[in-house]
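# Architecture and fold: a report
Listed below, chain by chain, are the residues.
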Amino acid sequence: MKLLGIRICEHDSNFSYFDGEKVHYLKTERKYQIKHHGVNHLQEWEQIIFEQWNINSKVLDEIAIVFDPWLYDLSTREDWFYPSIEIDFPANCKVTRLNHHYAHHLSCFPLCDSINLNGVVMDGFGDYDRCWSVFRNNKLISEGSVKQNGSIGLEMSEIGKHFDLQGHYLDIAGKIMSLQSYGNIDQELINFLKKFKIEETGHIFNIYYGLDKSKQDWLRTIHEYTADILIEFMKRFFSKNEVFCFSGGVALNVCWNTKIKKYFKNIIIPPHCGDEGLSLGALEYLRIKHNLPKLKLDNFPYCQSDEQPSIPPNISLIKKTSELLKQQKIIGWYQGNGEIGPRALGNRSILADPRDREMKNKVNKIKKREDFRPFGSSTINKSYNRSDYMLFAYPINSKKYPAIAHVDNTCRHQTLYNSSLFKDLIEQFYVDTECDTLLNTSLNINGKPIASHKSNALDILNNSELDGLVFGNELYLK
């Protein structure tokens, strides 16, 4: 059976194709190198799957799609949670439309069993004004309205206007997450906020206006309290030790995730918790519908359908790369297939020595980012809190690792347990330097997607102060 999950909309379009044996995944921003690329013309989607996988809708048994129908002048429904309906769509097979939040929820399948899945979905907004959904055994048990309750995701983006932050509105929340660490918590304001619950999100984020407070202190306080109301909200539905998933764009906030995980130790957050996971959720819906075995997603989360080097780096090149990093060179690292999700996990990375105090500024200059934003890291140190996908932030020694320590002395890190070329590199760096950690940021420049082809990576090398690039078993130096 051949099935296709699609997310087409104004931003972050992605496709997941099951060929009868395994799943293939594509986020179109990587293919076209346009950040948050959206497929906004219905005639485009079939051309994309033909170019990528040499298929068309005639060979497919069914398509599940997540999209906003008003963009395409298609019929809509008044009820927001169907959870799925057949629609009239330009394809030569059956097409089912899937609810946005339900697709987020089901997209967690690579990390758990989705048949009787529990979870919370929270984002800017899903279908028809919904800002959160809670599922137990895949059944909807609670939902929130943007108009009635406010939206944490939207409010985080709106705050950016008051701090004059630039860039795509979908990236503002991440910048706010970095900026809030520069403020101080106002306990008086915290005490005042305690009367508000998540249903009053709109009020919580608007309390600043009229208060005699520092903007940064207000931001830090509001941000801290938001984690508290998320925990209290989740407590309504799940016990402390219960396994459940957290997805949607709000789940990309590493500060909130860290505080939530201290209470809910078994919470599961996928690296593709944002809209890039929607086509995977749509595909999983079709799998359940047709009672198929669990889908095979090779080498998760390194499963973008992009250019893969034909020859991996040999031992000699790994040693050479480690030596360059030891010499304080900043190196692009391109191996295998790209990661699903917005964060580099060792296949599409810019790497540097985290012990150099000036390295943060140097890498920020290459990336053309704001200087207040921190960098993540990757480590082979087993004593670190486990964080496979850079979704949590933990304390770090800022004197030992000044390039990756944020102003609050935390770092969003990735812990490497399984064998990989990237782990081999860090192990070699440890042999050479006794440092078991590397600064790791995504192989892109601010405003552009992560590199998806060799030409993208070479463009970054040639048009920035990057010192070198390792593409498979090839080394390019300036």
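Report follows, based on the coordinates. (Residues numbered from 1 in each chain as written. Predicted model: local features only at pLDDT ≥ 70, side-chain atom pairs only at ≥ 80, totals over all residues. Heavy atoms only, no water.)

For the pair helix α5 (residues 152-162) and helix α9 (residues 215-235), interaxial distance at closest approach is 13 Å and the crossing angle is 175°. Overall, the two elements α5 and α9 adopt an arrangement that is roughly antiparallel. Residue-level contacts link Ile152, Met156, Ile159 and His162 of α5 to Lys215, Trp218, Leu219, His223, Thr226 and Leu230 of α9. Its residues assigned to classes, the contact of α5 with α9 comprises six nonpolar, three polar and one charged. (Axes fitted to C-alpha atoms, helices over the stretch in contact; angles between N-to-C directions. Helix = DSSP H or I, 4+ residues; strand = E, 2+ residues; numbered from the N terminus. Parallel < 35°, antiparallel > 145°, perpendicular 65-115°, else oblique. Contact = heavy atoms within 4.5 Å. Nonpolar A, V, L, I, M, F, W, Y, C, P; charged D, E, K, R; others polar.)

A cis geometry characterises the amide bond from phenylalanine 300 onward to proline 301, with omega recorded as 5°. Residue placement: proline 301 occurs in the loop between α11 (278-289) and α12 (315-326). Of note in the backbone geometry, glutamine 33 takes a positive phi value of approximately 55° without being a glycine. Inspection of the secondary structure assignment puts glutamine 33 in the loop between α1 (28-32) and α2 (44-53). For asparagine 409, which is not glycine, the phi torsion reads 60° and is therefore positive. Here asparagine 409 lies in the loop between β15 (393-395) and β16 (410-415).

On to the sheet that holds strand β12 (residues 331-334). Ordered in space as β15-β16-β14-β17-β13-β12-β18-β19, the eight strands form an open sheet in which the pairing is mixed. A single partner strand is all that each edge strand has here, and the edge strands are β15 and β19 (474-477). Mean inter-strand twist for the sheet, computed between neighbouring axes without regard to direction, equals 35°. Across the sheet, helix α14 (residues 421-433) touches β12, β13 (348-352), β14 (376-379), β16 and β17 (437-442), and the angle it forms with β17 is around 140°. (Pairing = 2+ DSSP bridges.)

This part is about α5. Buried within α5 are the following residues: Ile152, Gly153, Glu155, Met156, Ser157, Ile159 and Gly160. Just downstream of α5, aspartate 164 is the residue with a positive phi angle, here 55°. (Buried < 20%, exposed > 50% of the residue type's maximum accessible area, 1.4 Å probe, protein only.)

Here we take up helix α13 (residues 359-367). Residues Met359, Lys360, Val363, Asn364, Ile366 and Lys367 constitute the buried set of α13. Down the axis of α13, the sector holding all buried residues measures 155°, keeping them to one side. Where α13 ends, the next residue or the one after it, lysine 368, has phi of about 60°, a positive value. (Arc of directions from axis to C-beta.)

Before going further, it helps to spend a moment on the packing of aromatic side chains. If you walk through the whole model with that rule in mind, you get 14 aromatic pairs. Taking the centre distance of 4.3 Å and the plane angle of 10° together, the rings of phenylalanine 238 and phenylalanine 244 count as stacked. Of the two residues, phenylalanine 238 and phenylalanine 244, neither departs from the other in class, the shared state being buried. With 4.8 Å between their ring centres and 35° between their planes, tyrosine 334 and phenylalanine 471 make a pair best called tilted. Taken together, the residues span a long stretch of sequence, with tyrosine 334 in strand β12 and phenylalanine 471 in strand β18 (residues 468-471) at a distance of 137 residues. Neither tyrosine 334 nor phenylalanine 471 differs from the other in exposure class; each is buried. Here the aromatic residues Trp132, Phe233, Phe237, Phe238, Phe244, Tyr263 and Phe264 are joined through ring pairs into a cluster of three or more. Against the face of phenylalanine 163 rests lysine 215, its NZ or CZ located 4.8 Å from the ring centre. A cation over an aromatic ring shows up here: arginine 386 above the ring of tyrosine 417, its NZ or CZ 3.9 Å from the ring centre. (Phe/Tyr/Trp six-rings, centres within 6.5 Å; stacked < 30°, edge-to-face > 60°. Lys NZ or Arg CZ within 6 Å of the ring centre and 35° of its normal.)

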